[in-house]
Amino acid sequence: RKEVEQDPGPFNVPEGATVAFNCTYSNSASQSFFWYRQDCRKEPKLLMSVYSSGNEDGRFTAQLNRASQYISLLIRDSKLSDSATYLCVVKGSQGNLIFGKGTKLSVKP
Amino acid sequence: ETGVTQSPTHLIKTRGQQVTLRCSSQSGHNTVSWYQQALGQGPQFIFQYYREEENGRGNFPPRFSGLQFPNYSSELNVNALELDDSALYLCASSLRGTGKNSYNEQFFGPGTRLTVL
């Protein structure tokens, strides 16, 4: 089983849609969780950390369910500029980042 | 911009050759991590350097080696290149505190795209 697994995608949605990404992780001892965004042929950039109580940043909401080892990201009112690959990330025991394969989102006019 | 720079931006090598990739970390950061991202995959952890010593390693063979210099910049060396080494190589810098588990946000450089023919 892979350490971090994500929805395969791609997701093709119209502007204004709400889209949800899901992710599971295998190590129940994991403590830190993130969503990164990666534009085509660019480096990954931190979108937001994920906290146990859930957290929101504008149109973006992240949720963590430790019991199910499940992480989610909800994007409301999608914009064309949201088109990118979204990477689910768990911090490993060596301080390294463990990335999922990523889910590609295309927002169409 | 993160302040993390990498060189070169692109590189083409042939099987069996050796390559050195370079990374300059963000000012004030003392830790550099290297990742390999194959096409269509998420980045995979290669190793991490802290205070000039390897401080963690992923599932990569010994022909992947590295260095960190006193100014915290770093090199990734790959010997005996294979076709599967073709990928985007990313370095990320961060500031590690004094506690064992006090790892802070990693900032990525733009990457070096390596093609092995």
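In the block above lies the structure referred to throughout.
Residues numbered from 1 in each chain as written. Chains lettered and ligands numbered in written order. Predicted model: local features only at pLDDT ≥ 70, side-chain atom pairs only at ≥ 80, totals over all residues. Heavy atoms only, no water.

(A) Up close: the packing of aromatic side chains. Within the structure shown, the criterion is met by 13 aromatic pairs over all chains. A ring pair is formed by Phe99 of chain A and Tyr35 of chain B, whose centres lie 5.8 Å apart and whose planes are at 85°; its orientation type is edge-to-face. Note that Phe99 of chain A is positioned in strand S10 (residues 97-99) and Tyr35 of chain B in strand S4 (residues 31-37), a pairing that runs across two chains. Residues Phe99 of chain A and Tyr35 of chain B agree in their burial class; the two are buried. An aromatic cluster of at least three residues, connected via ring pairs, comprises Phe34, Tyr36 and Phe99 of chain A together with Tyr35, Phe45 and Phe108 of chain B. Sitting above the plane of the Tyr50 of chain B ring, Arg96 of chain B keeps its charged end 4.5 Å from the centroid. (Phe/Tyr/Trp six-rings, centres within 6.5 Å; stacked < 30°, edge-to-face > 60°. Helix = DSSP H or I, 4+ residues; strand = E, 2+ residues; numbered from the N terminus. Buried < 20%, exposed > 50% of the residue type's maximum accessible area, 1.4 Å probe, protein only. Lys NZ or Arg CZ within 6 Å of the ring centre and 35° of its normal.)

(B) Structural context of the sheet that holds strand S8 (residues 70-75) of chain A. All names here are of chain A. As summarised here, the arrangement of the five strands in space is S1-S3-S8-S7-S6, forming an open sheet in which the pairing is antiparallel. At either margin of the open sheet sits one strand with a lone partner, and together these are strand S1 (4-6) and strand S6 (55-57). Across the sheet, the axes of successive neighbouring strands diverge by a mean angle of 20°, strand direction being ignored. Direction of pairing for S6 relative to strand S7 (residues 60-65): antiparallel, over a ladder of three bridges. (Pairing = 2+ DSSP bridges. Axes fitted to C-alpha atoms, helices over the stretch in contact; angles between N-to-C directions.)

(C) Molecular detail of the sheet that holds strand S8 (residues 74-78) of chain B. All names here are of chain B. The strand order S1-S3-S8-S7 describes an open sheet built from four strands, whose pairing is antiparallel. In the strand order of this sheet, the two ends are held by strand S1 (5-7) and strand S7 (64-68), each with one partner. Across the sheet, the axes of successive neighbouring strands diverge by a mean angle of 20°, strand direction being ignored. Two strands pair when backbone bridges link them, and S7 and S8 are joined in this way by five bridges, in the antiparallel orientation. When the sheet's bridge partners are listed, Gln68 is paired in S8 with Ser74.

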